Every structure is written in C-alpha cells, then in structure tokens.
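Coordinates in review
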Amino acid sequence: MREKELEVWFVNFYKLLSRYSMKVAFFLSKFPVSSETFVLNQINGLIALGVDVNIFALNKGNLNPADPLVSHHDLLNKTTYLLKEGGGDSKYKKIITRLVSVAKLFVNLQLVSKLFKARYKNSNKGMVLPVVVSRIKDQLVADIVIAHFGPIGVFAQNLQSLGKLDGKIMTVFHGYDISMKSVLEQYKFDYQKLFNESAGVLPISNLWADKLIGMGCPENKVFVNRMGINLTDFSFKQGETSSRLKLVSVARLIEKKGLFDAITAMSLLKKAQIDFRYKIIGDGPLEEKLKNYIIDLGLEDCVELVGFLPQEKVREVLKETDIFLLPSITAASGDMEGIPVALMESMAMGITTVSTYHSGIPELIENEVSGFLVPERAPKELAKTLISISEEKFDLDNIRSTAFRVVQNKFNQQLLYQELKSIIEKVHGS
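Residues numbered from 1 in each chain as written. Predicted model: local features only at pLDDT ≥ 70, side-chain atom pairs only at ≥ 80, totals over all residues. Heavy atoms only, no water.

1. Some points on the layout of surface pockets
We count it as follows: Only protein atoms enter the 1 Å grid, on which a cavity is a set of points fitting a 1.4 Å probe that cannot get out and a pocket is an open set with protein on both sides within 12 Å along at least 5 of 7 lines, lining residues being those with an atom within 4 Å of a point. Grid points are joined across faces, edges and corners, and a volume is the space filled by probe spheres set on the points. For helices the rule is a DSSP run of H or I covering at least 4 residues; for strands it is a run of E covering at least 2, with both sets numbered from the N terminus onward. By the convention adopted, Pro, Cys, Tyr, Trp, Phe, Met, Ile, Leu, Val and Ala count as nonpolar, Lys, Arg, Asp and Glu as charged, and the other residues, Gly among them, as polar.
Put simply, the second largest pocket is a space of about 490 Å³. Lining the second largest pocket are 19 residues, and of these Ser29, Leu58, Pro151, Ile152 and Tyr176 sit closest to its centre. Those elements that provide at least two residues to the lining of the second largest pocket are strand S1 (23-31) and helix H7 (150-161). If one sorts the elements of the lining of the second largest pocket by residue count, H7 sits on top with 4 residues. Here the residues of the lining of the second largest pocket sort into 11 nonpolar, 5 polar and 3 charged.

2. Concerning the packing of helix H15 (residues 341-348) against helix H17 (residues 396-410)
Note the threshold: What counts as an axis is a line fitted to C-alpha atoms, over the stretch in contact for a helix, and the angles between N-to-C directions run from 0 to 180 degrees. Comment on the angle field: the value is read as roughly parallel under 35 degrees, roughly antiparallel over 145, roughly perpendicular from 65 to 115, and oblique elsewhere. Should the near helix be turned anticlockwise from the far one by less than a right angle, the crossing is left-handed, and should it be turned clockwise, the crossing is right-handed. The contact criterion used is simple: two residues touch if any of their non-hydrogen atoms lie within 4.5 Å.
Between H15 and H17, the shortest axis-to-axis distance is 8 Å and the interhelical angle comes to 125 degrees. Classified by the angle their axes make, H15 and H17 are oblique. Between H15 and H17 lies a crossing of left-handed hand. Between H15 and H17, the contacting residues are Met344, Met347 and Ala348 on the first element and Arg400, Ala403, Phe404 and Val407 on the second. Grouping the constituent residues of the contact of H15 with H17 by class yields 6 nonpolar, no polar and 1 charged.

3. Describing helix H11 (residues 206-214)
Rules: For every residue, the accessible area obtained with a 1.4 Å probe (protein chains only) is divided by the maximum for its type, and the residue is called buried under 20%, exposed over 50%, and partly exposed between those limits. An arc is given here, and it is the one of the directions from the helix axis to the C-beta atoms.
Looking at H11, one finds that the buried residues are Trp208, Ala209 and Leu212. The buried side chains of H11 occupy one side of the element, clustering within an arc of 105 degrees when seen end-on. Seen from the open side of H11, the exposed residues pointing more than 90 degrees away from its buried face are Asp210 and Gly214. On its buried face, H11 sits against strand S5 (165-173), helix H8 (176-179), helix H10 (188-197) and strand S6 (200-203). Phi turns positive one or two residues past the end of H11, at Gly216, with a value near 115 degrees.

4. Section: the pairing of S5
Regular strands place side chains that alternate from one sheet face to the opposite one. Our working definition: Following DSSP output, two strands are said to pair if at least two bridges run between them. Look down the strands so they point away from you; if the path from the first strand over the helix to the second goes clockwise, the crossover is right-handed.
In terms of residue burial, S5 counts as a mostly covered element, since 7 of its 9 residues are buried. Of the pairings in the sheet, the one linking strand S4 (residues 140-148) to S5 comprises 7 bridges and is parallel in character. Note that in S5 the partner of His148 across the bridge is Val172. In the classification by handedness, the crossover that spans S4, the intervening H7 and the parallel S5 is right-handed. Pairing of S5 with S6, which is carried by 4 bridges, proceeds in the parallel orientation. Note on S6: the bridge partner recorded for Met170 is Gly200.

This is the structure:
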C-alpha cells in the first residue's frame, strides 16, 4: 500500500472509531421539565441508539425524578447542575450565594476583565455566567454539545469562549427563540456570534431554517431536525363522526394557541344549531379570561375548560374525540409555534385535525389532504370548516389515513433520532 493510500486509510479508520466513542452533552436551562418532554425523548432516543449522553443544566426542573422518562436511563445520574442552588432558597440567599461565588473569581483578574465585555451582557444577567464560571473547576467536555433554545446556545457558546466548555456546539431553535420580537432584539448580536463560532444550528422546521439563513447563519451550518412522536404510544382509530360533534384542544392557555378564536367559532356553531361539545385541556395565564369569555358568549353548556390532565387521561379523552382543534396565531409579542407535537399525536390517533396557516404547521398538515387549515385569526372561516366536517362533506377516512402516513414517514421519533445521530456524526467527523 502506497504511503498516500495508507494515510487515507488511517484517517478513515480514525473517523469511524471516533464515531463509536462520540460523547454528546445536552446543555439546558432546566432539567427535567414537564413541558419539555421532547428534550427528554430526544435524550432517551440517542441513548437507545448507543450514544454516550450527559446533561449540563443550569437549574433543576419540575418533573418528578420517578417519571419513566427520567428514570428509564437514570438521567439524573448523567446530569451536572451548574448553578447548584436549592429550589427552596430565598431570593436574598441566592443573591448572597452568587456574590460569594463571583468574589472568588477576582483571584484571576484577566478572566474577570474578560467576563465583563459586552458580548457577555445577556448571559451575565443575575450574575449567572460569572457564577457558573466560578463553579466549573475543570472544563466541561463533550464531542458534541446540543443546546435547546437560542439563548441557551448563546450561553453555552459564551462558556466555550471563556475556556470552560469544550465541544462542537449545535443549537436547537424551536419557536419563541426565533420569533419573539424582544428575544430577537435582545440577542441580535449574540446570535451572529453563535452562527459564526458554533458548529451548527438545528431548526425544527424548514421555515425556521430559512429564517436562520436569512439572519446570516451559513447555509452549510443549518440542519433541519424535526420534533416527532413515538408511534408505538398511539393506536389509530377508525370510525364515523359521532352525532354530537366532540372537539378537543390540548394546549397551554397562552395567546399563540388561538383559543379565543376557537371559542368564537363555537358560538357560530351554536348559532348554526350544530350539536357539539368542546373541551379545552391545559392550564396557563389566560385561564380566567377564557372562562369569562365562555360565560360572555353563553357557551357554558357546550364549552368546558378542563384544566391540566396527565398524559394517560388526555389520551382517554382523545379516544372519544372527533376533531382536534388548534387555531394557532402569532402573538402580539411575535411569539410563534414550532410544529406542535399535539397535532402530530392527534393525527397518529386518527382524529380529524384542524389548525391554521401558522409557522411550520403547513409542513405537517396539507389542507383537505391530511387535515384542515384556515387563516390565522379567522373564527368565521374556522366555524365554516367545522360545520363542513360535521356535515361530512369530505372523505374523512382518507384524510385521516393520509395524516397518519405523514406522521409515520416524516414525524416518527425513531427516524428523527437516527437522523440526528447521523447529523452529529457528520459534524463530529468534519
């Protein structure tokens, strides 16, 4: 074997070997969090594929450690908490503790002067970055670091620039972090540094990929990797729409979910003398306003705010549901959805799904093919579509079957985790 061929062989062998020994760390604001099961699923999915995974989190989350998503792979024993503050600590105690930690940094004046440069302004709020730097004795090390949400990617990149984190950083962009006006303004310059210095970004939709490229991220650093669902958790149901139309929304009670439009549409259904029952499952800051709106429209007999329900109870309700409704809108703040997992779950269960032309949702649902879409903030159009469905003006069996195949082929967790593993192997080997 000639010398050049031998060199190529060794390089390829090293790349192959490095893939099998690759260490991946997830960098998170809080862990584990009940509203971020997509992060837990992604971590567990990579572990199941044989990836060596660790977790770096600033704070402890609110999910019970006994939850199967946490306990199955003993994730807490893989987690390093960087702030190390007790959940019950008072605000005063936290401030004192942080000041003591930051004071210890002053033995290294060069590091202190670096910390207070303009680039670290956002990460320094609440003294979080200086405290974390002071508490990392040795470097945090991984081959690939996956940060969820733009601001946390910025924080991880800042830690790396200070010599406290070693690894190729990739940031997952979901929704608010690339749509909210205040976030985009606050992190305008930070995102540019993130694009230039990190190994890549992982938007969850083609829409966000285009936006990131438009913001200045090099196209070769953009890798779309969607959120998805575990199809084995859902059983597809067949059957006709019931005589009394049963509609359900499962959502946080926040502006971008479009629930006021949904309730307005229900008043139009009632005026059209459609026999229906609409349940809204979830909690959130708009609960009282939504409750009053239901009363104002005289819908107490047919619209119910159920509140939060555990996942198994939600699925029991969905088994008896005809239409899953999520008329998402762009909030006044600019906040937008990614591609809601709740829509994927309803499609996997064979429920007729109705949503809006919003964010990445048209990448999941094609109108009158795999579900139904109406414009944002258009309750009249929404009511018209719901009435047409109730009158069976469409081949709903075919639409529901098509919806299932879309989720099966494009939003299947197992396929998406394989795809993510391939992406990080490619980045690791580059």
